[in-house]
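A look at the structure
Each chain, written out:
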Amino acid sequence: MLSYMGHKILGMNTIQLYMKVPGSRTPGHQENNNMSALNLNIGPGDCEWFVVPKEYWGVFHEICERNKINFLTGSWWPLIEDLHKENIPFYRFFQRPEDLVWVNAGAIHWVQAKAGATISHGTLVSKQPE
């Protein structure tokens, strides 16, 4: 629909590439329109991921407000200590070259590169979680 209307949203109806050098970060965010996304690590190095279920968006929003950060437009790197303090469950894992990561709709996530690049593309599935 977006393509038909001539409207492009990076990673939704176009491919989005994150070229990373070792140590570079993609700060905490949700995908455009809270869609799910596929992320392919094209190497050569690993990417470290942190993911929190969408149900904890409100707590993240409160943490950002306390730190004077706008959740939607600010750049922020959540601290593991804050997650523990607020009892927020999270996933932490490494994406190896050629690994594909599925980010569920609305999931809050942030990524740190050891080296390499990832290709991200938003997906619309037949039954998008509500």
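These numbers were taken from a predicted model, which means no experiment stands behind them.

On a plain count of helices and strands, the chain comes out with 2 helices and 8 strands. In the chain, the succession of α and β elements from N to C terminus is β-β-β-β-α-α-β-β-β-β. Buried residues in the chain amount to 41% of all 130 residues. When contacts within the chain are restricted to residue pairs at least 6 apart in sequence, long-range pairs at least 24 apart make up 84% of them.

For the rest of this paragraph, the subject is helix H1 (residues 57–66). By the burial criterion, the buried members of H1 are Phe60, Ile63 and Cys64. End-on view of H1: buried residues confined to an arc of 100°, all on one side of the axis. Away from the buried face of H1 by more than 90 degrees, exposed residues Glu65 and Arg66 are located. Of the surrounding elements, those touching the buried residues of H1 are strand E4 (47–52), helix H2 (80–85) and strand E7 (108–113). One or two steps after H1, the chain reaches lysine 68, where phi turns positive at roughly 55°.

Glancing now at unusual backbone geometry. In this chain, glycine 43 is followed by proline 44 through a cis amide linkage whose omega measures 10°. Examined against the element boundaries, proline 44 turns out to sit in the loop between strand E3 (36–43) and E4. Although it is not a glycine, lysine 68 adopts a positive phi angle of roughly 55°. Its place among the elements puts lysine 68 in the loop between H1 and H2. When its relative accessible area of 76% is taken as the criterion, lysine 68 is described as exposed. The residue glutamate 98 is not glycine, and still its phi comes out positive at about 75°. On the secondary structure map, glutamate 98 appears in the loop between strand E5 (91–95) and strand E6 (100–103). A relative accessible area of 73% means that glutamate 98 is categorised as exposed.

This next bit is on the sheet that holds E5. Strand pairs in the sheet, formed through backbone hydrogen bonds, run parallel or antiparallel to each other. Spatial ordering of the open sheet is given by E2-E7-E4-E5, a layout of 4 strands whose pairing is antiparallel. Lying at the two open borders of the sheet, with one neighbouring strand each, are strand E2 (25–29) and E5. Within the sheet, the average angular offset between the axes of one strand and its neighbour, ignoring direction, is 15°. Sheet analysis places E2 next to E7, joined by 3 bridges and oriented antiparallel. Opposite arginine 25, over in E7, you have glutamine 112 as the bridge partner.

Thresholds, definitions, all that
In this convention, every chain numbers its residues from 1, walking through the sequence in written order. Where local features are concerned, this predicted model is filtered to residues with pLDDT of at least 70; where side-chain atom pairs are given and counted, the filter is 80 or more; whole-chain, interface and lining totals use all residues. For side-chain calculations, the full set of non-hydrogen atoms in the structure is used, while hydrogens and water are omitted. Runs of E in the DSSP output that reach at least two residues are strands. Runs of H or I that reach at least four are helices, and both are numbered from the N terminus. Note on classification: 1.4 Å probe, protein chains only; a residue is buried when its accessible area is under 20% of the maximum for its type, exposed when over 50%, partly exposed between these limits. Residue contacts are counted whenever heavy atoms from the two residues lie within 4.5 Å of one another. Throughout, the arc means the angular range of directions from the helix axis out to the C-beta atoms. Pairing between strands requires that DSSP locate at least two bridges from one strand to the other. Between the N-to-C directions of two axes lies an angle of 0 to 180 degrees, each axis being a line fitted to C-alpha atoms and, for a helix, fitted only over the stretch in contact.

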